[in-house]
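# Tertiary structure, described
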Amino acid sequence: MVEGPASIQFEKVYKSFRGGRDKILRGVDIEFPAGKLTYILGPSGVGKSTIIKHILGLLKPDSGHVGVAGKDMAE
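Keep in mind that what you see is a predicted model, and the values were worked out from it rather than measured.

Conventions adopted
Residues numbered from 1 in each chain as written. Predicted model: local features only at pLDDT ≥ 70, side-chain atom pairs only at ≥ 80, totals over all residues. Heavy atoms only, no water. Helix = DSSP H or I, 4+ residues; strand = E, 2+ residues; numbered from the N terminus. Rg over C-alpha atoms; globule rule 2.2 N^0.38 Å. Areas by Shrake-Rupley, 256 points an atom, 1.4 Å probe, with all protein chains shown as cover. Lys, Arg positive; Asp, Glu negative; His and termini not counted. Charge placed at Lys NZ, Arg CZ, Asp CG, Glu CD. Buried < 20%, exposed > 50% of the residue type's maximum accessible area, 1.4 Å probe, protein only. Arc of directions from axis to C-beta. Patch = residues over 30% accessible without salt bridge, like charges linked within 9 Å, V, L, I, M, F, W, Y side chains within 5 Å. Salt bridge = Lys/Arg side-chain N within 4 Å of Asp/Glu carboxyl O. Contact = heavy atoms within 4.5 Å.

## So, the overall build of the protein chain
For the protein chain, the helix and strand inventory stands at one helix and four strands. In the protein chain, the order of α-helices and β-strands from amino to carboxyl end is β-β-α-β-β. Its C-alpha atoms give the protein chain a radius of gyration of 12 Å, near enough to 11 Å, the size a compact globule of 75 residues would have. The principal-axis extent of the C-alpha atoms belonging to the protein chain is close to 35 × 30 × 20 Å. Of the roughly 5200 Å² that the protein chain leaves accessible, carbon and sulfur atoms contribute 54%. Each charge class in the protein chain was averaged separately, 11 positive and 8 negative side chains, and the resulting centres sit 10 Å apart.

## With respect to helix H1 (residues 48–56)
Residues of H1 that are buried: Thr-50, Ile-51, His-54 and Ile-55. Down the axis of H1, the smallest arc covering the buried residues is 140°, so these residues share one side.

## Regarding a nonpolar patch on the surface
A cluster of nonpolar residues, Ile-40, Ile-52, Leu-56 and Leu-58, forms a patch on the protein surface that exposes about 380 Å² of accessible area. The class of Leu-58 is exposed, set by a relative accessible area of 61%.

## Quick word on the side chain of Thr-50
Residue position: Thr-50 is located in helix H1. Those residues in contact with Thr-50 that lie beyond four places of it in its chain are Lys-15, Phe-17, Ile-24, Leu-25 and Leu-59.

See below:
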């Protein structure tokens, strides 16, 4: 884990689609530190857009916690 304050935190985030058949995020633990530039890289279908949609509050995790600047994005 990253030391120091994190402006975005994912803790054990799970997300699936199509009734659970498409498991996209499987226990994601990520911290994006405040004041740092972070890239999300990977091939098609690994969850990059799904992570961004959770940060924006467009999606809610099936389980786990997404926090942005101390705010729970599921609320």
